[in-house]
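Structural characterization, general
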Amino acid sequence: MLAVPLVAALACLFSGAAAARTIALAATLIDLVLGAALWAQYDIGGAQWQFQENVALFQGFAWKLGIDGIALMLIMLSVFLMPICILASQSIEKRVSEYMAAFLLMETLMIGVFAAQDLLLFYIFFEAGLIPMYLIIGIWGGAERIYASYKFFLYTLLGSVLMLIAMLWMINEAGTTDIPTLMAYDFPADAQKWLWLAFFASFAVKMPMWPVHTWLPDAHVQAPTAGSVILAGVLLKMGGYGFIRFSLPMFPQASADFAWLVFALSMVAVVYTSLVALVQQDMKKLIAYSSVAHMAIVTVGLFAFNVQGLEGSMVVMLSHGLVSGALFLCVGVIYDRLHTREIDRYGGLSINMPKYALLFMLFTMASVGLPGTSGFVGEFLALTGIYKMSSWVALVAGSGIILGAGYMLYLYRRVAFGEQKNADAAAMPDLSVREWLMLAPIAAVVLWMGVYPESFLAPMRADIAALDARLASARPEGDARLTAGDPTTAKTHEAQSHETSAHGGAH
Amino acid sequence: MDWLQSLRLAAPELLFTIAGLAILLVSAWANGKTAARLATWAVVAVLAAGAALTAPVLFSGAKGPETLAFGGLFAADAFAAAAKLLIYAAAGASLLVAPAFFERFRAMRAEYPVLVLFAVLGMSMMVSATNLLTLYIGLELNSLAAYVLAAFLKTDDRSAEAGLKYFVLGSLASGILLFGMSLTYGFTGTTDFAGIAAAFKDGLPAGAAFALVFVLAGLAFKISAVPFHMWTPDVYEGAPTPVTTFFASAPKVAALALTMIVTLKAFGTQAPAWQPIVIFAALASVFWGALGAIGQTNIKRLLAYSSINNVGFLLIGLATATPAGASAMLIYLAIYVAMTIGGFVAVLMLKDSDGNPVENIADFAGLSRERKVLAASLAVVMFSLAGIPPLLGFWGKLVVFQAAVQAGMFWVAVLGVLGSVVGAFYYLKVVKVMYFDEPAGKALGKSDWVHQAILALCVLFLSPLGYLVVKCLTALSDLAVAALMTAA
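What counts, and where the lines are drawn
- Residues numbered from 1 in each chain as written.
- Chains lettered and ligands numbered in written order.
- Predicted model: local features only at pLDDT ≥ 70, side-chain atom pairs only at ≥ 80, totals over all residues.
- Heavy atoms only, no water.
- Helix = DSSP H or I, 4+ residues; strand = E, 2+ residues; numbered from the N terminus.
- Buried < 20%, exposed > 50% of the residue type's maximum accessible area, 1.4 Å probe, protein only.
- Contact = heavy atoms within 4.5 Å.
- Areas by Shrake-Rupley, 256 points an atom, 1.4 Å probe, with all protein chains shown as cover.
- Rg over C-alpha atoms; globule rule 2.2 N^0.38 Å.
- Expected span 1.5 Å × (residues − 1).
- Core = buried A, V, L, I, M, F, W, Y, C linked by side-chain atoms within 4.5 Å.
- Buried area = accessible area lost by both parts, 1.4 Å probe.
- Salt bridge = Lys/Arg side-chain N within 4 Å of Asp/Glu carboxyl O.
- Polar contact = N/O pair within 3.5 Å; in protein donor to acceptor, adjacent residues only side chain to side chain.
- Nonpolar A, V, L, I, M, F, W, Y, C, P; charged D, E, K, R; others polar.
- Axes fitted to C-alpha atoms, helices over the stretch in contact; angles between N-to-C directions.
- Parallel < 35°, antiparallel > 145°, perpendicular 65-115°, else oblique.
- Left-handed = near helix turned anticlockwise from the far one by under 90°.
- Patch = residues over 30% accessible without salt bridge, like charges linked within 9 Å, V, L, I, M, F, W, Y side chains within 5 Å.
- Phe/Tyr/Trp six-rings, centres within 6.5 Å; stacked < 30°, edge-to-face > 60°.
- Lys NZ or Arg CZ within 6 Å of the ring centre and 35° of its normal.
- pLDDT = per-residue confidence, 0-100.

This part is about the overall build of chain A. Each helix and strand counted, chain A has 25 helices and 2 strands in total. In chain A, buried positions account for 65% of the 507 residues. Counting contacts in chain A only where the partners sit at least 6 residues apart, residues at least 24 apart contribute 81% of the total. Working note: accessible area of chain A is about 16400 Å², and carbon and sulfur atoms make up 67% of it.

Laid out in structure tokens, this is it:
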């Protein structure tokens, strides 16, 4: 799976534009088929780590790959979005072969990140992704691309190097680079705090959390459509994956101690970025800010320290990967026609582009979290988890969802309904076959995930239960810490004891 | 220990001396381009022979008293061998790239390879030194050859200026070093490293701390660590590019290896006394090198600051004063040599359509469309210098920081990585100019096949394929460090 895109990337470099497109599409489709095969063969309820490859190299550094259910789902997300990205890149005219090579390289690295079972290998994949993404934004981006590419690169690098030092310390302390071993290793409580903060610096930037999110709107707006899709769809998930794979299981105690920090930042993020999104004139920027808000839901869900929160966060991540990717594609579709992302230039698109308006509405609703779409399942589970932890956080996070409905529907109204203000916008043709091929599969999966989330939750269940068990030791203290600064001590406990009734009531 | 044994141990140095004198004599009569080319190839062959003589020493991990020659003045142990191999390789590469450059200025003369050979001889003695006197002789032999090399383009003002500047400042540094050495001798009564270590076993007298500071200051000049770095950008910019390639690689290796010998061997018993100094120099170099490079418009000056920056990272390894740190330094050095040579060779290959060298970074604009392979190679070198995985430069930084973390120097490591983020900015700038800007149509000229071959080798080593040799590199540097640290 790793080799296919890599070989294809090299092949693309040495071929012409048309051939490069074909090679890239073929390679990503092959990977999608491989991914499907992987899923089909994945033994739900079997061993935690499956499909392991292990070649010991030097100094304890090993080429060790393997996946659990969480990684499987994220790999599926990556391989699913890649062919769509390639299709979405038809509007790229200059230096096509290099562009395709960069994308395929990206795919290799993304799968590598999710499959790596060696700390250093993970870091190498994690960081190496910066180079192709830097080039993608910098070469094929919009007007402000150079500023955006610098900002993207330096922000993420700064976060990651601190993580590197923490990793070195861990390797030194535990004497191994093996991730599963480290996940069960108990680091001293003092050290956990520093390590957690160092990892947090990296993942918070990647995620991104407020206040280090500012690279994201710039990068999104300036990146080409497919670049935005990959950024929103997969790269942001690396942050969440990092929390699940490293911060929580490796430093449970510190995670509990710092949960208040995560909650505080996430609460600010949900409300603040939603308000910012409300006043955006640029469609891509609006969706970028909505990503920050959604990711904040993910972080509170993760740090809720219970099964619902974790499952919910995973589903929000998968769903957000699909939905925000699809929304960027939708923006890309009309951008290709009119070459502007300004919301005011559009209006009344449902008249001349009814099919487009239909799909756009589906994705808007999924982003809002309408029942029946993937967004609902994730947000509902995540909020349930948070509610068990702290009702205040749940309240604020929930208000973010209402605000989310506000800005997304406002966007949709301005773009799709109303009068047709501009003749050129009114004359745009509806979706072409290629665009259908891009959007329809995503729509299908979004609905599938919304109606029957079990097929996505089942592979992850055992892993999340294991993680939950690992966190169990730290959880009570997490509550105590939380309530110390929170006047709702009683409520929290109440919430826990009335867990079942809260569940039923919400239904 | 008889003389034959001593001569056998110093075989590479003897070979260089004889060959150097012979080629000098021959070239005094045989003038012209062909003779110069032949002399270059002859010197490369001599260097290869020297490497062949040295390699077994490293592979066998030679250490202990049987490596000492000439009554304990000279040691041919595995550590010296490791440094020598790097020096020979770097010098060979900078010789091979020279003819194509100098011939354009009609300045290719046979003296060039001969001077390089004598400089290498000096460096070879430096890294084999077990005595302050051997050290000084080696250092001066190297420096004198280097001063002349810097001014090798006689008709070029910048080259002459670089040579003069290097000479004046270099002599000053040698003086400081010599003063420190004489103070050391005054306090210990010996110039032998082992003797110095034994004399300072029970503590460092206040006066001897001065000696230490002077010695370190002199060495810091030679490795161009902050605050003794001022000469570097000027000399690197002014000197002819093949000479700069040489300066940035071989003498750096020699001077750093020498610094390791002096600190870890002679002052090895007094690590707490010099560690703060080295930590300061390391962090100052990392940050000054990174900040100073940002404003540069000339690629050679930028690479000069980059070398200051890299010396900072190397010194972090030294500051740990542990075998792991020293071993990490050797690994980093090997990778650094490849990165520097790759970088400067790529600069050599940048020529305008008339064949004149292009050194202005702004003129690289759009290089990725005019000369794809060259731009990609330079990008690999730049990303590698910035320490971005999966390129090998990352591994070098990783081992150094790992050693620092193992030694408990947590804050040094954190500051070091922050410095590397600052540094990443200017490397990115070069990539940006090459890839993002519209073509300027300046650097169009063809390049020599020798340059292409050397650059390809460097880039292959730095690419992820380089990880295949990391295992053997690690084993060798561990062997070398074992020889250095047990002898202390």
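Of regular secondary structure, chain B possesses 21 helices and 2 strands. Compactness check: chain B gives a C-alpha radius of gyration of 21 Å against a globular reference of 23 Å for 488 residues, within 12% of the reference. In chain B, buried positions account for 64% of the 488 residues. In chain B, the share of contacts with a sequence separation of at least 24, taken over all contacts with a separation of at least 6, comes to 82%. Of the accessible surface of chain B, which amounts to about 16400 Å², a share of 70% is contributed by carbon and sulfur atoms.

Residues and elements named next belong to chain B. Put simply, Val226 and Pro227 share a cis peptide bond, and its omega is 5°. For Pro227, the position within the fold is in the loop between helix 10 (206-223) and helix 11 (231-238). For Ser224, which is not a glycine, the phi torsion comes out positive at approximately 50°.

Further remarks concern helix 14 (residues 283-302) of chain A. Between its first and last C-alpha, helix 14 of chain A extends 29 Å over 20 residues, near the 28 Å set by a 1.5 Å rise per residue. Counting buried residues along helix 14 of chain A, 19 of its 20 residues qualify, which places the element largely inside the surrounding structure.

Time to look at the nonpolar core. Counting 384 residues, the largest nonpolar core has Phe122 and Phe363 of chain A together with Phe247 of chain B as its most contacted members. With 20 residues, the top contributor of residues to this core is helix 15 (residues 323-349) of chain B. In terms of nonpolar packing, the next biggest core, distinct from the first, is built from 6 residues, Leu9, Ala10, Phe74 and Ala76 of chain B among them.

Taken together, the contact pairs 36 residues of chain B with 32 residues of chain A. A combined buried area of about 3300 Å² lies between chain B and chain A, and 79% of that area is made up of carbon and sulfur atoms. On the chain B side of the interface with chain A, the three residues burying the most area are Val421, Leu428 and Phe436 of chain B, jointly 19% of the side's total. Where chain B packs against chain A, one counts 0 salt bridges. Counting across the interface, chain B meets chain A through 2 residue pairs in polar contact (both at pLDDT 80 or more). Going through the elements one at a time, helix 16 (367-370), helix 17 (372-386), helix 18 (392-406), helix 19 (410-435) and helix 21 (467-487) of chain B are the ones with two or more residues in the side of chain B that touches chain A. Counting residues per element, the side of chain B that touches chain A draws most heavily on helix 19 of chain B, which supplies 14 residues. Tallied by class, residues from the side of chain B that touches chain A come to 25 nonpolar, 5 polar and 6 charged.

Our next topic: the packing of helix 9 (residues 189-206) of chain A against helix 11 (residues 225-250) of chain A. Residues and elements named next belong to chain A. Between helix 9 and helix 11, the least distance of the axes is 8 Å, while the angle of their chain directions is 170°. With respect to helix 11, the element helix 9 is oriented roughly antiparallel. Handedness of the helix 9/helix 11 crossing: left-handed. Between helix 9 and helix 11, the residues in contact are Gln192, Trp196, Phe199, Phe200, Phe203, Ala204 and Lys206 and Leu235, Leu236, Met238, Gly239, Gly242, Phe243, Phe246, Ser247 and Met250, respectively. Looking at the contact of helix 9 with helix 11, its residues break down into 11 nonpolar, 4 polar and 1 charged.

All names here are of chain B. Inspection of every chain in the model, using the stated rule, returns 11 salt bridges over all chains. Across the pair Arg158 and Glu237 runs a salt bridge, and its minimum N-O distance is 3.6 Å. Taken together, the positions of Arg158 in helix 8 (residues 157-188) and Glu237 in helix 11 put the pair 79 residues apart, joining distant regions of the chain. The residue Glu359 makes a salt bridge to Arg158 at a minimum N-O spacing of 3.9 Å. Of this pair, Glu359 sits in the loop between helix 15 and helix 16 while Arg158 is found in helix 8, placing the two residues 201 residues apart along the sequence. For Glu359, a relative accessible area of 12% translates into the label buried. Beyond isolated ion pairs, a larger network of salt bridges with shared partners links Arg158, Glu161, Lys165, Asp234, Glu237, Lys300, Arg301 and Glu359.

We now examine helix 6 (residues 111-128) of chain B. With 18 residues, helix 6 of chain B extends 26 Å between its outermost C-alpha atoms, agreeing within 8% with the 26 Å of an ideal straight helix rising 1.5 Å per residue. The buried count for helix 6 of chain B comes to 17 of 18 residues, which makes it a mostly enclosed element.

The next thing to look at is a nonpolar patch on the surface. All names here are of chain B. A cluster of nonpolar side chains, namely Trp3, Leu4, Leu7, Leu14 and Ile18, defines an oily patch on the protein surface of about 560 Å² accessible area. Considering every element that reaches the nonpolar patch, the biggest residue donor is helix 1 (residues 3-9), with 3 residues. Within the secondary structure, Ile18 sits in helix 2 (residues 11-29). By relative accessible area, Ile18 is classed as exposed at 59%.

Attention shifts here to the packing of helix 3 (residues 33-59) of chain B against helix 6 of chain B. Residue and element names in this part refer to chain B. Running from N to C, helix 3 and helix 6 point in directions that differ by 20°, and their axes come no closer than 9 Å. Put simply, helix 3 runs roughly parallel to helix 6. Pair helix 3 / helix 6 crosses with left-handed handedness. Contact residues: helix 3 offers Ala36, Ala39, Thr40, Val43, Val46 and Leu47, while helix 6 offers Pro113, Leu117 and Val120. Residue composition of the contact of helix 3 with helix 6, grouped by class: 8 nonpolar, 1 polar and no charged.

All right, on to the environment of Ser78 of chain A then. All names here are of chain A. Relative to the assigned elements, Ser78 resides in helix 3 (residues 69-88). Remark: the alpha-carbon pair of Ser78 and Ala88, spanning 10 residues in sequence, is separated by 15 Å. If near-sequence neighbours (up to four positions away) are discounted, Ser78 is found in contact with Met110, Phe114 and Val234.

The residue Gly404 of chain A is located in helix 19 (residues 391-416) in this model. It is 8.9 Å that separates the C-alpha atoms of Gly404 of chain A and Gly369 of chain A, two residues lying 35 residues apart in sequence.

Going through the model one piece at a time under the given rule, you end up with 45 aromatic pairs over all chains. When the ring of Phe360 of chain A is compared with that of Tyr412 of chain A, the centres are 5.3 Å apart and the planes differ by 65°; the resulting orientation is edge-to-face. Of the two residues, Phe360 of chain A sits in helix 17 (residues 354-368) while Tyr412 of chain A sits in helix 19, which places them 52 residues apart along the sequence. Each member of the pair, Phe360 of chain A as well as Tyr412 of chain A, carries the same accessibility label: buried. Measuring from ring centre to ring centre gives 6.5 Å for Phe313 of chain B and Tyr332 of chain B, while their planes differ by 25°; the resulting arrangement is stacked. Taken together, the positions of Phe313 of chain B in helix 14 (residues 299-319) and Tyr332 of chain B in helix 15 put the pair 19 residues apart, joining distant regions of the chain. Residue class for Phe313 of chain B comes out buried when judged on its relative accessible area of 1%. Here the aromatic residues Phe122, Phe126, Trp196, Phe199, Phe200, Phe203, Phe243, Phe246, Phe251, Phe258 and Phe303 of chain A are joined through ring pairs into a cluster of three or more. Sitting above the plane of the Phe152 of chain B ring, Arg109 of chain B keeps its charged end 5.0 Å from the centroid.

All names here are of chain B. Along the polypeptide, Asn142 turns up in helix 7 (residues 132-150). When its relative accessible area of 6% is taken as the criterion, Asn142 is described as buried. Non-local contacts of Asn142, meaning those with residues more than four positions away in its chain, are made with Ala119, Gly122, Met123, Met126 and Pro251.

What follows concerns the confidence of the model for chain B. Low-pLDDT stretches of the model should not have their predicted coordinates read in fine detail. In this model, chain B carries an average pLDDT of 86, and 98% of its residues clear a pLDDT of 70 or more. As scored by the predictor, the complex reaches a pTM of 0.84 and an ipTM of 0.76.

All names here are of chain A. Relative to the helices and strands, Gln280 is located in the loop between helix 13 (259-278) and helix 14. Judged by its relative accessible area of 12%, Gln280 falls in the buried class. Once residues lying within four places of it in the same chain are set aside, the contact partners of Gln280 are Lys285, Leu286, Tyr289, Ile343 and Arg414.

Another aspect to go through is the confidence of the model for chain A. When pLDDT is averaged along chain A, the result is 77, and 85% of the positions lie at 70 or above. Confidence drops under a pLDDT of 50 for residues 476-507 of chain A, and excluding neighbours within four residues, the segment shows 30 contacts in the predicted structure.

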